[in-house]
Amino acid sequence: MTDELIRKIGKCDLCAENFALTATQHRPRPVPWFRAGTPIMVAGQAPGMRVHKEGKPFWDRSGDRLRDWMGISHAQFYDRDLVSVLPTAFCFPGYDAKGADLPPPPRCWDRWHAEALQHIGTPQVRVIVGSYAIRRHLGLKGPMSEIVAQWRTHAPGTYVLPHPSWRNNGWLRKHPWFESDLLPDLKRTVGAVLNSA
Ligand code: SF4
């Protein structure tokens, strides 16, 4: 059943006309990467250009940093029995005029995510990355810094992280508790789940 859903998402081209109007004029290339019952789910924004080309989620330097934050190896991260990766949109959306990634197309969430979330089930660890995913998965709209700072109040096993992009290096410097307090807790939780998997 999951394979059938992955196949259907993989063929989706609902955003083809929109993507054709962007500077890259790219075709949709959905990157669905999930399986029923994985103990870990990473919920992110949308694929970037590198992921669009490779067809693997977080296949870039941001992914390397995210794996480091989680204390998970490359092989473990890409083990589909361990980790589902559910972006807010499955395709690279293109760039805006400043060269930043466009927002994830909302229609992707509306079309696919209820089914995908139902398939994944209830992971022991949810890693919610970036403001788009925070809004979708937790319904929280305040400033990201405040939401991340409240990490001890989130549901057990739920971790809210800023996007691991180099663009957030300044944010990391301003919030040292993130690396000193939150990340060790995240690594302990992920490590316990991996040890019992
Ligand atoms: S972003 Fe989502 S809705 Fe749009 S083409 Fe890709 S899979 Fe389809």
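Scroll up a little and you will see the structure.
Structure report, in brief. From a predicted model like this one, the values you see are computed outputs, not experimental measurements.

**Quick word on helix 6 (residues 106-120)**
With 15 residues, helix 6 extends 20 Å between its outermost C-alpha atoms, agreeing within 8% with the 21 Å of an ideal straight helix rising 1.5 Å per residue. Along helix 6, the sharpest kink reaches roughly 50 degrees, centred on Trp 112. Buried residues of helix 6: Cys 108, Trp 109, Trp 112, His 113, Ala 116, His 119 and Ile 120, and no others. Gly 121 sits one or two positions beyond helix 6 and adopts a positive phi of about 90 degrees.

**Here we look at helix 4 (residues 61-70)**
Those residues of helix 4 lying buried are Ser 62, Gly 63, Leu 66, Arg 67, Trp 69 and Met 70. Seen from one end, helix 4 has its buried residues packed into an arc of 155 degrees, which puts them on one side. Along helix 4, the residues that are exposed and aim more than 90 degrees away from the buried face are Arg 61 and Asp 68. In this structure, the buried side of helix 4 is in contact with strand 1 (40-44), helix 5 (74-77), strand 3 (125-129), strand 4 (158-161), helix 9 (169-174) and helix 10 (177-196). Residue Gly 71 follows helix 4 closely and has a positive phi angle near 70 degrees.

**A short note on the side chain of His 26**
Within the element layout of this structure, His 26 appears in the loop between helix 2 (16-20) and strand 1. Within the local environment of His 26, its side chain forms a polar contact with the backbone oxygen of Phe 92, the two atoms lying 2.6 Å apart. In contact with His 26, other than residues within four places in its own chain, are Phe 19, Ala 20, His 52, Phe 92, Pro 93 and Gly 94.

**Section: unusual backbone geometry**
Located in the positive-phi region is Gln 25, a residue other than glycine, with phi close to 45 degrees. Along the chain, Gln 25 turns up in the loop between helix 2 and strand 1. Note on Gln 25: relative accessible area 58%, which makes it exposed. Positive phi, close to 55 degrees, is recorded for Phe 58, a residue that is not glycine. When you line up the elements, Phe 58 lands in the loop between helix 3 (49-54) and helix 4. Among the residues examined, Phe 58 registers a relative accessible area of 11% and is labelled buried.

Conventions adopted
Residues numbered from 1 in each chain as written. Predicted model: local features only at pLDDT ≥ 70, side-chain atom pairs only at ≥ 80, totals over all residues. Heavy atoms only, no water. Helix = DSSP H or I, 4+ residues; strand = E, 2+ residues; numbered from the N terminus. Expected span 1.5 Å × (residues − 1). Bend = angle between axes of the 7 residues up to and from the residue. Buried < 20%, exposed > 50% of the residue type's maximum accessible area, 1.4 Å probe, protein only. Arc of directions from axis to C-beta. Contact = heavy atoms within 4.5 Å. Polar contact = N/O pair within 3.5 Å; in protein donor to acceptor, adjacent residues only side chain to side chain.

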